[in-house]
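Residues per chain are reported as follows:
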Amino acid sequence: LPLLFKGAGAPPVEPLLLQQLHITEHLVAALIGAHYLNREQYILFHPLITENMAAARYQMISIPEAQATVLQHTPVLESEQVPLGSALGRVLAETVTARDNLPPFPASIMDGYAVVSSDGPGEYPVVAEARAGCAQDFSLSPGQVAYITTGAPVPPGADAVVKVEDTQPAAAAAAAAEGEAAAAQQQRRVAILKGVPAGKDI
């Protein structure tokens, strides 16, 4: 390595490194970069060799200094209005909000059951179904739930949605415990396994 720290008459860096030394690509890049940066002296940018850093033409600076320098030479651009078709690649100067909600009604973002959040976990009758694209002609009362699909309007009276993974068909539990007759009577009931706050998944 000391042979590399020669004056301008030293052999080219690249062949010497590639033929005689077994070092990493990062070290090769550092030596080549130093060769072109300062032809009077090869500077080895390596954590173990720091005494030659003082001879570098461009000294290292701290991150805060670098940030301050960049910001000093990067003035904030004034905002301007452009047609939508010319806005590609630009950065918004302020938050843009839609004039109307989309969808224009409270909708479920999960498949599950529309519930009254204050009811909490428990077993409830499934009184109706709310599906995307279908008008709702019912409302929920405390102690009732409605099956709901993603994108469907949340029925009046419901204020939260429990995703289907946090429920269990009550009919399946009844069948395991009491047989098929009991299951048939419980087909329109579901066990809500987890309580949710108002507004959940809407």
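Values in this document were obtained by computation on a predicted structure and should not be read as measured data.

Each value, and the rule that gives it
Residues numbered from 1 in each chain as written. Predicted model: local features only at pLDDT ≥ 70, side-chain atom pairs only at ≥ 80, totals over all residues. Heavy atoms only, no water. Helix = DSSP H or I, 4+ residues; strand = E, 2+ residues; numbered from the N terminus. Buried < 20%, exposed > 50% of the residue type's maximum accessible area, 1.4 Å probe, protein only. Contact = heavy atoms within 4.5 Å. Pairing = 2+ DSSP bridges. Salt bridge = Lys/Arg side-chain N within 4 Å of Asp/Glu carboxyl O. Phe/Tyr/Trp six-rings, centres within 6.5 Å; stacked < 30°, edge-to-face > 60°. Axes fitted to C-alpha atoms, helices over the stretch in contact; angles between N-to-C directions. pLDDT = per-residue confidence, 0-100.

Visitor: Explanation requested: the overall build of the chain in the structure shown.
Guide: Along its length, the chain carries 5 helices and 6 strands. The linear arrangement of helices and strands in the chain, starting from the amino end, is α-α-α-β-β-β-β-β-α-α-β. Per-residue burial for the chain yields a buried fraction of 29% across its 202 residues. Of the contacts formed within the chain by residues at least 6 apart in sequence, a portion of 59% connects residues at least 24 apart.

Visitor: What's the story with the pairing of strand β6 (residues 189-192) in this structure? I'm lost.
Guide: Sheet faces and side chains relate simply in a regular strand, where the side chains alternate between the two faces. As paired elements, strand β2 (residues 122-130) and β6 share 4 bridges and run antiparallel to each other. Bridging across to β6, Glu123 finds its partner in Ala191. Where strand β5 (residues 167-169) and β6 come together, 3 bridges link them in antiparallel fashion. From the neighbouring strand, Thr167 faces β6, where its bridge partner is Ile192.

Visitor: Even after reading the chapter, I still don't get the pattern of salt bridges, so can you show me in this structure?
Guide: Note that side chains of opposite charge can pair when their charged atoms are close. According to the stated counting rule, one finds 3 salt bridges in the structure shown. Across the pair Glu123 and Arg189 runs a salt bridge, and its minimum N-O distance is 2.9 Å. Of the two residues, Glu123 is situated in strand β2 and Arg189 in strand β6; the sequence distance between them amounts to 66 residues. Taking the relative accessible area as the measure of exposure, Glu123 reaches 41% and is therefore partly exposed. Its salt-bridge partner being Glu129, residue Arg131 comes within 3.0 Å of it at the nearest N-O pair. Given a relative accessible area of 37%, Glu129 falls into the partly exposed group.

Visitor: Before we go on, may I ask you to explain the packing of aromatic side chains in this structure?
Guide: Two numbers describe a pair of aromatic rings. These are the distance of the centres and the angle of the planes. In the structure shown here, the tally under the stated rule is 1 aromatic pair. For the pair Tyr113 and Tyr147, a centre-to-centre distance of 5.6 Å together with 70 degrees between the ring planes defines the contact as edge-to-face. Of this pair, Tyr113 sits in strand β1 (residues 112-115) while Tyr147 sits in strand β3 (residues 145-148), placing them 34 residues apart in sequence.

Visitor: Mind showing me how you'd approach the sheet that holds β1 here?
Guide: Strand pairing within a sheet occurs via backbone hydrogen bonds; the two strands may be parallel or antiparallel. With mixed pairing, the 6 strands of this open sheet are ordered in space as β4-β1-β3-β2-β6-β5. Of all strands in the sheet, those bounded by a partner on one side alone are β4 (160-163) and β5. The sheet shows a mean angle of 40 degrees between the axes of neighbouring strands, direction not considered. With 4 bridges connecting them, β2 and β3 associate as parallel partners. When the bridges of β3 are listed, Glu129 appears paired with Tyr147.

Visitor: Where do I start with the side chain of Ser108 in this structure?
Guide: Among the structural elements, Ser108 can be located in the loop between α3 (63-72) and β1. Other than its neighbours up to four places away in sequence, Ser108 contacts Ile148, Thr149, Thr150, Gly151, Ala152, Val154, Val161 and Asp201.

Visitor: What is the right way to look at the confidence of the model for the chain in this model?
Guide: For residues with low pLDDT, the predicted coordinates do not support detailed interpretation. Considering every residue of the chain, the mean pLDDT works out to 76; 63% of them sit at 70 or more. Taken as a whole, residues 13-28 scores under 50 in pLDDT and shows 20 contacts with residues more than four places along the chain or in a different chain. Contacts of residues 31-49 to residues separated by more than four positions or lying in other chains number 44 contacts, the stretch itself having pLDDT below 50.

Visitor: What am I meant to see in the side chain of Thr167 here?
Guide: Among the secondary structure elements, Thr167 is positioned in strand β5. Apart from residues no more than four positions distant in its own chain, Thr167 is found in contact with Tyr113, Val162, Val190, Ala191, Ile192 and Leu193.

Visitor: Please clarify how unusual backbone geometry should be interpreted in this entry.
Guide: Glycine aside, residues mostly have negative phi, and peptide bonds are mostly found in the trans state. Cis geometry is adopted by the peptide bond preceding Pro103, which originates at Leu102 and carries an omega value of 0 degrees. Among the structural elements, Pro103 can be located in the loop between α3 and β1. In this structure, Asp201 is a non-glycine residue whose phi angle is positive, near 55 degrees. By the element assignment, Asp201 lies in the segment after β6.

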